[in-house]
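One letter stands for each residue in the lines below.
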Amino acid sequence: MGVTEERLERFEANRGRLFGVAYRLLGEASGAEDVVQDAYLRWERGDTAVSPEAWLTKVVTNLCLDRLTSARARRERYVGTWLPEPVVTGGGALGPLETVEQRESLSLGMLVLLERLTPPERAVFVLREAFGHSHREVAEILEVSEPHARQLYRRAQRHVAEARTRFTAPPGQHRKLLERFLEATLAGDVPALERMLAEDVVAWADGGGKARAVRRPLVGREQVLRYLRVLAEYAQRIRLVPEVVNGELALMVYLDGRLSGVTALEFDGDRVIALRTIANPDKLAFIAKQKM
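Residues numbered from 1 in each chain as written. Predicted model: local features only at pLDDT ≥ 70, side-chain atom pairs only at ≥ 80, totals over all residues. Heavy atoms only, no water.

Participant: Honestly, the packing of aromatic side chains in this entry has me stumped. Any pointers?
Facilitator: What describes a pair of aromatic rings is the distance from one ring centre to the other and the angle between the planes of the rings. Inspection of the entire model under this criterion finds four aromatic pairs. Pairing Phe-19 with Tyr-23 gives two aromatic rings, centres 6.3 Å apart and planes at 20 degrees, and the pair type is stacked. With Phe-19 and Tyr-23 both in helix α1 (residues 3-26) and four residues apart, this pair spans about one turn of that helix. Here the two residues Phe-19 and Tyr-23 agree in accessibility, since each one is buried. A ring pair is formed by Trp-43 and Trp-55, whose centres lie 5.8 Å apart and whose planes are at 50 degrees; its orientation type is tilted. Separated by twelve residues along the polypeptide, Trp-43 in helix α2 (residues 29-45) and Trp-55 in helix α3 (residues 52-76) bring together distant segments of the chain. (Phe/Tyr/Trp six-rings, centres within 6.5 Å; stacked < 30°, edge-to-face > 60°. Helix = DSSP H or I, 4+ residues; strand = E, 2+ residues; numbered from the N terminus. Buried < 20%, exposed > 50% of the residue type's maximum accessible area, 1.4 Å probe, protein only.)

Take a look at the structure:
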């Protein structure tokens, strides 16, 4: 086995975790793939004596920090609401998903919250919450002092806690609620939807100017009900398929047999408090590839 082949094997053993780090930092699957590939090219040319896991994590994190700086400027010019690219989870493609914190760090709702953090705060939060790195390891990755890494983590926790909600029902109950919502939406059952929607429910949609989508959040039960009634008018053309997306059960939306959106619901008890729909075709390309 040559040096290049051996390096490739060592890299592949880390690929899922590296992609998971990059995706959580960027909220972009395509961008995360580019970062991981760039990291491999640097690893291939680098020092063979270093630990691949530590070295690659540091490279991927810092490549993402560079991208986040320019991404913020791009997102300020984004048409309508910006939401992360959805990904089908499972099979280790996004790193470990064994704990509540690991799964939550991948949810669309959490990725939106992470947009409030500075790039260093986001990096510290992801490395600690999703991958269990110690403060010392995080400090080495970011090349800061350990006290500063701890300070960044405390700030990140505080910002996230201010807006964080947590779904309290077990996964089986989540599926039942999602199925009830699906049936009521396609049937245009307004009374059933009224019972499921929280009074202050909010619906976001990301069309990126490339797909029909509301450009501002819909706030309140009445506005969201009107939005859902429009979907019922397309019941004969729409197929809604439950799928585990970003660590949670979501709905894949097929219009005339073509994937046209992904909708994730957030619950508080048995009430829907948030709906997030990604319809931008550019952001559906990765998940469509996963489902091929």
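Participant: Could you clarify how one ought to interpret the packing of helix α6 (residues 119-129) against helix α7 (residues 135-142) in this entry?
Facilitator: When two helices pack together, you describe them by how their axes are tilted relative to each other and by the distance separating the axes. Contact geometry of α6 with α7 gives a least axis separation of 10 Å together with a crossing angle of 140 degrees. The orientation of α6 with respect to α7, classified from their angle, is oblique. Crossing of α6 over α7 shows right-handed handedness. Judged by residue contacts, Pro-120, Ala-123, Val-124, Leu-127 and Arg-128 of α6 engage His-135, Val-138, Ile-141 and Leu-142 from α7. Tallied by class, residues from the contact of α6 with α7 come to seven nonpolar, one polar and one charged. (Axes fitted to C-alpha atoms, helices over the stretch in contact; angles between N-to-C directions. Parallel < 35°, antiparallel > 145°, perpendicular 65-115°, else oblique. Left-handed = near helix turned anticlockwise from the far one by under 90°. Contact = heavy atoms within 4.5 Å. Nonpolar A, V, L, I, M, F, W, Y, C, P; charged D, E, K, R; others polar.)

Participant: Would you mind showing me how to read the environment of Arg-215 here?
Facilitator: Tracing the backbone through its elements, the reader meets Arg-215 in the loop between β1 (197-206) and β2 (218-219). In the structure, Arg-215 is positioned 68 residues away from Lys-283 in sequence and 16 Å away in space, judged by C-alpha atoms. Among residues more than four places away in sequence, those in contact with Arg-215 are Val-79, Gly-80, Thr-81 and Gly-209.

Participant: How do you make sense of the nonpolar core when you look at a structure like this?
Facilitator: Buried together is how nonpolar side chains tend to be arranged in soluble globular proteins. Formed by 47 residues in total, the largest nonpolar core has its most connected members in Phe-19, Tyr-23, Val-60, Leu-114, Phe-125 and Leu-142. When contributions to this core are tallied by element, the ones reaching two or more residues are α1, α2, α3, α5 (108-114), α6, α7 and α8 (146-163). Considering each element in turn, this core owes the most residues, eight residues, to α1. When residues no more than four places from it in sequence are discounted, the contact partners of Leu-142 are Thr-61, Leu-65, Pro-120, Ala-123, Val-124 and Leu-152. Counting 24 residues, the second largest nonpolar core, distinct from the first, contains Met-196, Ala-203, Leu-265 and Phe-267. (Core = buried A, V, L, I, M, F, W, Y, C linked by side-chain atoms within 4.5 Å.)

Participant: What is the right way to read the pattern of salt bridges from this model?
Facilitator: Side-chain pairs of opposite charge can arise whenever the charged atoms involved come near each other. With the rule as written, the count across this model stands at 17 salt bridges. Across the pair Arg-15 and Glu-12 runs a salt bridge, and its minimum N-O distance is 2.9 Å. Taken as a pair, Arg-15 and Glu-12 lie in helix α1 at a separation of three residues, close to a single helical turn. Its relative accessible area of 37% is what places Glu-12 among the partly exposed residues. For Arg-75, the salt bridge identified is with Glu-28, shortest N-O distance 2.9 Å. Taken as a pair, Arg-75 in helix α3 and Glu-28 in the loop between α1 and α2 lie far apart in primary sequence, 47 residues in all. Glu-28 shares its class with Arg-75; the two are buried. (Salt bridge = Lys/Arg side-chain N within 4 Å of Asp/Glu carboxyl O.)

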